Structure formats: C-alpha cells, structure tokens
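Report on the structure
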Amino acid sequence: MSFKSDEDHIGNTGEVQMDKSQARSMPSFDDSPDRFRSTHPDDRFSGASGVLFEQAMAQTRMAICLSDPHAEDLPIVFANRAFRQLTGYSEEEIIGNNCRFLQGPRTSQEPLEKIRRAIEEEDVVVVEVLNYRKDGTPFWNALHLGPIYDADGRLVYFFGSQWDVSDVRAAREEERIARVMARELSHRMKNMFSVISGIVNITGRTRGIRSEAAEINSRIQALGRAYETTLDDAAEGDIDMGDAIRAILSPYDDGDGRLNLRGDGTRAPFAGISVVGLLLHELAANATKHGAWSQEGGTVSVVWGSSADGNELQIDWLEQGGPPFEAAKIQDGTGTAIMERLVAGGGGSIEREWTDGGLLAKLRIGV
Amino acid sequence: MICDKYAIFLLDDEPLILMDLEFAAEDRDYQVFSASCVKKALDILEKHRDGIDTAVLDVTLQDGETCLPVARWLEKNGIPYVLHSGDLNRQNEKLRELSAPLIAKPASSDDVIKRAIGQIAT
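Residues numbered from 1 in each chain as written. Chains lettered and ligands numbered in written order. Predicted model: local features only at pLDDT ≥ 70, side-chain atom pairs only at ≥ 80, totals over all residues. Heavy atoms only, no water.

1. Considerations on the overall build of chain A
Convention followed: Helical segments are the DSSP runs of H or I of at least four residues, strand segments are the runs of E of at least two, and each set is numbered from the N terminus. Three exposure classes are used, based on accessible area relative to the maximum for each residue type with a 1.4 Å probe and protein chains only: buried under 20%, partly exposed in between, and exposed over 50%. Between two residues, a contact is recorded if the distance between any of their heavy atoms is within 4.5 Å. Every accessible area reported is derived by Shrake-Rupley at a probe size of 1.4 Å, with residue values counting cover from the shown protein chains alone.
Scanning chain A from N- to C-terminus turns up 13 helices and 12 strands. Counting every position in chain A, which comprises 367 residues, the buried fraction comes to 41%. Considering only intrachain contacts with a sequence separation of at least 6, the fraction spanning at least 24 residues in chain A is 57%. Taken as a whole, chain A presents about 19,900 Å² of accessible surface, with 53% of it coming from carbon and sulfur.

Okay, here's the thing in structure tokens:
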C-alpha cells in the first residue's frame, strides 16, 4: 500500500489512521471545529474558553452535533469526529441534514416523540434510541439533547451528544434474563423438593416405615430451605449466609426468643450450602429431641461470621437452659455420624462441648 | 361446627404433592376434597359450600393459572385458607393482597395441614 493511497482515505475511514498517528505522538486534532467556524463567522469560539471548547470537541470520544433551529428542518450544522466515527458517515453526508437519517426500520416511535417534544418546548431530554450506522448496523444511542442559548438568551442551537450504549443494554438484558431464569429455577426446585418429599412420605406409608420416611423428609426439607435462598440470588455466585441460616432454621423459630440469630453479612460460595443446611438441621433436630428445645425455656443461639483471613466460615451453635447432659443419648445418634462425615468431607471441623446449659458446637467450614 | 370432623379443601397441580397432603389430612381423620385446577376447584367448592372448614391453596398452577379466583371465592364465603407455594418472589400485586398465611414449599405435609386447621376460628 502506497503512502499516497493512505492519504486518499482521510475523511471517512481515515479517522482510524489519525488515531494511530496520534499514538506516535503526532498531535492530531479534529479540524471540524475549524470548518464550522469558517462557515459560521458569527459564532466564534473566542478567547481561552473557546480554544478549550474546540479542543474538547475535537478530542472527546463523545459524539457531538449541533443543529440549527432557525433553518428549515433543523439541519445538523456541526458534527465532531467522534460523531462521524460512531455513525460511519462523512461530514458532507451529515452537515445540512436532519439527524433522522440515523433512524431505521426498528427505531421505535416513543423516544422520537420525546425528542420532538423536547425540541418544541426547548427542553433537555435523554433518551435511548435505536439508530443505524451508514453500513446499516444498528446501535443503541443514548442521546442527550438540549437547547443552547446565546448571551441574550436567544435559542441558537440544539446540542446533541450521542453515546453507543449497545453493550450496556445487552448487559442489562442479560442480567434481567438471568434473574428471571433464577426465579423460575428457584420455583421449580422448591416444587421438586416438595415432590420428592411427597414421594418419600407416600413410599414410607405404603412400606410401613413412616417414621423413617419422616426423618428422611425432614433432612430433604432442610436442604430445600437452604437452597431456597441460594437460588434467589443465584446470579451473584455466592450467597448471604445469614439468609440461608435463617431459612434453614425457620421452622424451629417460634418468634418467642427460643432461637437467637446473630451474624455479619458474610457471604459464602454456593457449594457449601448443602453441608451447612444439613448440619444445622441435625443440630436443631437433636436440640428438639434431647437438648435445649426438649424442655420449656431452653434457647439456642447461632452466631456466624468468617475467620480473620476470610478462608473459613464459622458457625457457633450454643444451647442454653437445656436438660443435664447425658452422653449416651447424644453420642449414638445417626445424626452425629452424619455430621462428622459431612464436615470431614468438606475439609472442615466440628467441635462439641457440653456444659450444664447444653451443647456448644463450633462448625468450621473452609470456603 | 356441626360435626367434630373437619373438612379440608386442597388445591395443587402437582399430583404427588396433592396426594401427600391428602394422606396427611386423612391421617388426622379429616374429610378431604381436592382439585388440581381452578375450574374443578370452584365446582367442588360450589357443591360443598357449607361443608368445608379450611383450605390449602398452591399459588401457581398449570397453564398460567393462579389460585386467586379460588382464594377470592373462599374469602367471599368466609372460609379460611393458607397459601402453599414455592414461588415466593414472583407473586403479582393481586396475590400480595391476599392476607392468608404463606407456607413456603417444601414444608412437611403434616405441618401444612396443621396450619390450615389452625386458621379455623374457634
């Protein structure tokens, strides 16, 4: 490619070239303000602020145009380089035309109506409108439009700044879809837990093992509650432990002070939730059978947070006001075995101490 | 109460959940009426209008239906009910107006029945 042919390109696609030369430390300014000035001798960007304005116009990546409200059909009289880059049109194709040439088949009427009203009332408006480049590709344009007055308060121009927000809109849309999906998934999963529960109950009844079925079911339901919160903020990737713990223990909370929950806003990754759900359920079931909740006035306090280095989720379970400790009753339960297996599998630990008041269990789970 | 045996109406579009609730109610020796869609629900309720003491309503039903028409019918006829739903977030404005207690799925079917019976004014 010869040097000459490069020069020939300057105008439309040559813009990119100018950026490159800029990178080679050759200052390169958009000269459209110059041309504007030469055709509008009355409007001078004079003085120091004028120079600043010119340079800002030339260098900003914000697409900017001015339209003349006193000429027929509100033609664009100035468009900076960013405007030409955004739209793909050359200056000759832009100047003198109403900016509606950016509209296309899928441009909706609603934002256009807002623009019309703003122009009529000399008002400021910001709308998102679907525009089309010269090559026909659509883009979402966040258009800011407003009147510009001269020193005597007369309307001289309409100012328009354009910003391509296609990516922002796509991200917003993706987020919205993700949220809808998460909710739908959450609903279906809760329903699925319910169906599983039904199957277990019905099987237990037909096989004559109803109490076993009930025990299995209480575990399934604890798990279901633990997942309930996770799915509601599934888009986040991790979950608020407080929400999960509250949901898991909600059936045990009579709102009368027998369950006290205290924690910081610790968030933990999704993966640990089934362990936490089942562990808390086992502790609660044991407390109901043998511990603090087996008698009037017994309470359980659950305190959670993360370790100083943030690598460990810590949950303390403290029973108070329970019956005297009877080792035999607690040690042999299958629940205890399940707890230890679960925690060990997750690389965590559970320490249990019995005091006169009841059990203190310290769960430590790596996150 | 004319008789000492409660009659409970159950609405759920998932047959296994419905059956589980039916069993739980029968275990307590209650009389059970059940339906899986709004139309059938209203038919049964009209027919047994004076014989039903309380109800359990699944909120989101098949084919885009919700329990709303059934809930309104029960309210009009002074019959208490509980909502039983896995869909806690997506309830629209109209469902939010319903003042009945909401039981989150999954819940023990026995607890659901107990809560429904608990709504009956004594």
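2. Points about the overall build of chain B
Along chain B, the regular secondary structure elements total 5 helices and 5 strands. Along its sequence from the N terminus, chain B presents helices and strands in the succession β-α-β-α-β-α-β-α-β-α. Relative to its full complement of 122 residues, chain B shows a buried share of 48%. A separation of at least 24 residues holds for 66% of the contacts in chain B among residues at least 6 apart in sequence. Summed over its atoms, the accessible surface of chain B is roughly 5,900 Å², and 48% of this surface lies on carbon and sulfur atoms.

3. Things to note about the side chain of A:Asn98
All names here are of chain A. Spelled out, the test is: Here a polar contact means two N or O atoms within 3.5 Å. Within protein one must be a hydrogen donor candidate and the other an acceptor candidate, and residues neighboring in sequence count only if both atoms are side-chain atoms.
Relative to the helices and strands, Asn98 resides in the loop between α6 (91-94) and α7 (109-120). In terms of polar contacts, Asn98 uses its side chain to reach the backbone carbonyl oxygen of Asp73, at 2.8 Å. Setting aside residues up to four positions removed in sequence, Asn98 forms contacts with Asp73, Leu74 and Pro75.

4. Some details on the environment of B:Leu57
Residues and elements named next belong to chain B. Looking at the element boundaries, Leu57 is found in strand β3 (residues 54-58). A residue is classified by how much of its surface remains accessible, and Leu57, at 0% relative accessible area, is buried. Among residues more than four places away in sequence, those in contact with Leu57 are Phe9, Leu11, Cys67, Val70, Ala71, Leu74, Tyr81, Val82, Leu83 and His84.

5. Structural notes on the sheet that holds strand β10 (residues 312-320) of chain A
Hydrogen bonds along the backbone pair up the strands of a sheet, which may run parallel or antiparallel. Residues and elements named next belong to chain A. The line we're drawing: Strands are labelled as partners when DSSP assigns at least two bridges between them. Helix axes are fitted only over the stretch in contact, all axes being lines through C-alpha atoms; the angle between N-to-C directions runs from 0 to 180 degrees.
Pairing is mixed across the open sheet formed by 5 strands, whose spatial order is β7-β9-β10-β12-β11. The two strands at the open ends of the sheet, each matched to only one other strand, are β7 (259-263) and β11 (349-354). Averaged over all adjacent pairs, the angle separating strand axes in this sheet is 10°, with direction ignored. Where β10 meets strand β12 (residues 359-366), 7 bridges bridge the pair, whose relative direction is antiparallel. Residue pairing for β12: Asp316 is matched across the bridge by Lys362. Docked against the sheet, helix α10 (residues 241-249) engages β7, β9 (299-306) and β10, running at close to 155° with respect to β9. The sheet contacts of helix α11 (residues 273-289) involve β9, β10 and β12, and relative to β10 the element is tilted by about 10°.

6. What about the pairing of strand β2 (residues 31-35) of chain B?
All names here are of chain B. Convention followed: When the strands point away from the viewer, a crossover counts as right-handed if the path from the first strand over the helix to the second runs clockwise.
Bridge count for strand β1 (residues 7-11) against β2 is 5 bridges, and the pairing is parallel. Bridging across to β2, Ala7 finds its partner in Gln31. Read from β1 through helix α1 (residues 15-27) to β2, the crossover connection turns out right-handed.

7. Considerations on the confidence of the model for chain A
Residue and element names in this part refer to chain A. What counts, and what does not: Looking at any residue, its pLDDT shows the predictor's confidence there, from 0 to 100.
Of all residues in chain A, 83% have pLDDT values of 70 or greater, and the mean over the chain is 81. Predicted confidence in chain A is weakest over helix α1 (residues 3-9), with a mean pLDDT of 39, and strongest over strand β3 (residues 125-132), with 94. Note that pLDDT drops below 50 for residues 1-27; the model gives that stretch 20 contacts with residues more than four away or on any other chain.

8. Structural notes on the environment of B:Cys37
Its location among the elements puts B:Cys37 in the loop between β2 and α2 (38-47). Taking the C-alpha atoms as reference points, B:Cys37 and B:Asp12, separated by 25 residues in sequence, lie 7.4 Å from one another.

9. With respect to the sheet that holds strand β2 (residues 76-79) of chain A
Residues and elements named next belong to chain A. Ordered in space as β2-β1-β5-β4-β3, the 5 strands form an open sheet in which the pairing is antiparallel. Two strands close off the open sheet at either side, each with one partner strand: β2 and β3. Within the sheet, the average angular offset between the axes of one strand and its neighbour, ignoring direction, is 30°. Pairing geometry for strand β1 (residues 63-67) and strand β5 (residues 155-164), over 5 bridges, is antiparallel. Bridge pairing links Leu66 to Phe159 in β5. Across the sheet, helix α3 (residues 32-39) is in contact with β1, β2 and β5; its angle to β2 comes to roughly 150°. Running at roughly 130° to β3, α7 makes contact with β3, β4 (138-149) and β5 of the sheet.

10. Considering the interface of chain B and chain A
Interface extent is often summarised as the accessible area lost during association of the parts. Inclusion rule: Once two parts are brought into contact, the accessible area they lose, counted with a 1.4 Å probe and summed over both, makes up the buried area. In what follows, salt bridge is the name for a side-chain nitrogen of Lys or Arg lying within 4 Å of a carboxyl oxygen of Asp or Glu. Put simply, Ala, Val, Leu, Ile, Met, Phe, Trp, Tyr, Cys and Pro go in the nonpolar bin, Asp, Glu, Lys and Arg in the charged bin, and everything else, Gly too, in the polar bin.
Opposite the 20 residues of chain B that make contact, chain A presents 19 residues. Around 1,800 Å² of area is buried between chain B and chain A when both sides are counted, 55% of it from carbon and sulfur atoms. Where chain B touches chain A, the interface holds 2 salt bridges. Broken down by element, the side of chain B that touches chain A gets its largest block of residues, 7 residues, from α1(B). Residues that form the side of chain B that touches chain A fall into these classes: 9 nonpolar, 5 polar and 6 charged.

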